[in-house]
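Structure assessment
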Amino acid sequence: MSTLEEHVDISVPVDQAWDSLHRVENYPRFVEGVREARSRTGNRTLLDIETGGRTQELEAEITDRDQGRTMAWQALSGPDLAGSFSVLPIDAEHTRIQARLEYDPGAVREAFGGQKGFAQASAIERIVRSDLDHFKELVERETRER
């Protein structure tokens with residue numbers, strides 16, 4: 001298994017960042033490749049993902065840990081993927097989102113595209129970094145519009 005960690009600091013209070021991470025319907029607005037996201041019964045979420053010219057469904061289980069500070073997820077279908085988002089207060093108006101992704105490069109390569117596809121470490125880093133930046137833009141824009 002490989003592990004990737006990235007973070008982004010956003011200009012919103014910790015509770016607002018936490019709430020935004022839990023709005024599954026917004027995932028297509030900041031997660032690359034997610035075309036649709038739906039909550040299912042329990043802690044399950046169904047994602048329609050398009051990558052490498054292919055569309056597939058990915059079911060994930062999402063659980064909260066560390067007294068509302070970490071949202072962990074585990075893919076229940078598709079490649080072996082797991083991760084977490086930790087929400088860490090910097091001060092009353094700023095929050096750090098720490099993303100951690102654990103994956104099997106071979107399984108991800110097979111599921112999402114060949115050697116030059118999603119499974120290259122640099123490509124995964126770029127995607128996670130981009131997703132965090134898009135999350136930051138989304139949440140900060142929502143704050144300004146309130």
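Located above this text is the structure these notes cover.
Below is a summary of the structure that appears in this document. These numbers were taken from a predicted model, which means no experiment stands behind them.

1. So, the overall build of the chain
Along its length, the chain carries four helices and seven strands. Its helices and strands in sequence order give the chain the pattern β-α-α-β-β-β-β-β-β-α-α, from N to C terminus. Across the 146 residues of the chain, 42% fall into the buried class. Relative to all contacts within the chain whose residues are 6 or more apart in sequence, the contacts with residues 24 or more apart total 49%.

2. Things to note about the environment of L21
By the element assignment, L21 lies in helix 1 (residues 14–21). Between the alpha carbons of L21 and F135 there is a distance of 8.6 Å; along the sequence they are 114 residues apart. In this structure, L21 is in contact with Y27, M71, F85, V87, I97 and F135, ignoring residues within four places of it in sequence.

3. Structural notes on the packing of aromatic side chains
A complete count under the given rule lists two aromatic pairs for this structure. Aromatic pair Y27 and F30: ring centres 5.7 Å apart, planes at 70°, arrangement edge-to-face. Residue Y27 and its partner F30 are both found in helix 2 (residues 27–30); the two are separated by three residues, about one turn of the helix.

The rules behind each value
- Residues numbered from 1 in each chain as written.
- Predicted model: local features only at pLDDT ≥ 70, side-chain atom pairs only at ≥ 80, totals over all residues.
- Heavy atoms only, no water.
- Helix = DSSP H or I, 4+ residues; strand = E, 2+ residues; numbered from the N terminus.
- Buried < 20%, exposed > 50% of the residue type's maximum accessible area, 1.4 Å probe, protein only.
- Contact = heavy atoms within 4.5 Å.
- Phe/Tyr/Trp six-rings, centres within 6.5 Å; stacked < 30°, edge-to-face > 60°.

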